[in-house]
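If you want the building blocks of each chain, they are given just below.
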Amino acid sequence: VALSPDHGMRVALQWREWAVRFVRSGVLDVLAHPGDLVGARQLVPPFDRPETRVFFRPLLEAMGEQGVAFELNELLSSKLPPPYRQGYVELVRDARETGLKFSVGSDAHEPDKVGKYAWVLDLIEAAELEPEHFWRPEMRQDKQDV
């Protein structure tokens, strides 16, 4: 069922509010495939559009404040319509410019797709990500005693 543009934007704004609150909760290390819901459902314009880049700014800033990494997810490429898939590099560049770290995941739902990263590798190259841009898990103090 397609949503009207106004209803779609209300859903997108609600998603962003929840995502920002979750990021600020302090329990998250990596946000999985940012933009999946709003891009795959076309609730916002494609990711390379100025208004969509502005839409994501509060989330990227919250991620930066909390040190939450941005996941580059292979499965997302199959969910996004072509204009969204092609423009996603702009969201990744904005995340890089915000100072975010990145995580990589295949999010494979089938055994033969585990470890497949063709689209993610293209994103990494197009966004000019370097090794220092990638998140490395660390044991958090509050989890060491478990």
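Refer to the structure printed above.
Residues numbered from 1 in each chain as written. Predicted model: local features only at pLDDT ≥ 70, side-chain atom pairs only at ≥ 80, totals over all residues. Heavy atoms only, no water.

Enquirer: How should the overall build of the protein be read in this particular structure?
Expert: What the protein contains, in helices and strands, is seven helices and three strands. For the protein, the sequential pattern of α-helices and β-strands runs α-β-α-α-β-α-α-β-α-α. For 146 residues, the compact-globule estimate of 2.2 N^0.38 gives 15 Å, and the protein sits close to it at 15 Å. Within the protein, counting contacts between residues at least 6 apart in sequence, those at least 24 apart form 78% of the total. Counting every atom, the protein has about 8500 Å² of accessible surface; 52% of that belongs to carbon and sulfur. Counting 18 positive and 24 negative side-chain charges, the protein places the centres of these two groups 4 Å from one another. (Helix = DSSP H or I, 4+ residues; strand = E, 2+ residues; numbered from the N terminus. Rg over C-alpha atoms; globule rule 2.2 N^0.38 Å. Contact = heavy atoms within 4.5 Å. Areas by Shrake-Rupley, 256 points an atom, 1.4 Å probe, with all protein chains shown as cover. Lys, Arg positive; Asp, Glu negative; His and termini not counted. Charge placed at Lys NZ, Arg CZ, Asp CG, Glu CD.)

Enquirer: Can you walk me through the packing of aromatic side chains in this structure?
Expert: Aromatic ring pairs are defined here through the distance separating the ring centres and the angle between the ring planes. Tallied over the entire structure, the rule returns 10 aromatic pairs. Measuring from centroid to centroid gives 5.0 Å for Phe47 and Tyr88, while their planes differ by 80°, and the two rings are edge-to-face. Placement of the pair is Phe47 in the loop between α2 (36-40) and α3 (50-66) and Tyr88 in helix α5 (residues 82-98), with a sequence separation of 41 residues. Classification of Tyr88 as buried rests on a relative accessible area of 0%. Between Phe55 and Phe56, the aromatic rings sit 5.2 Å apart at their centres with planes inclined by 85°, giving edge-to-face as the arrangement. (Phe/Tyr/Trp six-rings, centres within 6.5 Å; stacked < 30°, edge-to-face > 60°. Buried < 20%, exposed > 50% of the residue type's maximum accessible area, 1.4 Å probe, protein only.)

Enquirer: Would you take a moment to explain the pairing of strand β2 (residues 69-73) for this structure?
Expert: Within a regular strand, the side chains alternate between the two sheet faces. Within β2, five of the five residues are buried, which leaves the element mostly enclosed by the surrounding structure. Both strand β1 (residues 30-31) and β2 contribute to a ladder of two bridges, which runs parallel. In the strand pairing of β2, Val30 is matched with Ala69. (Pairing = 2+ DSSP bridges.)

Take it as geometry only, folks, not as evidence of what the structure does.
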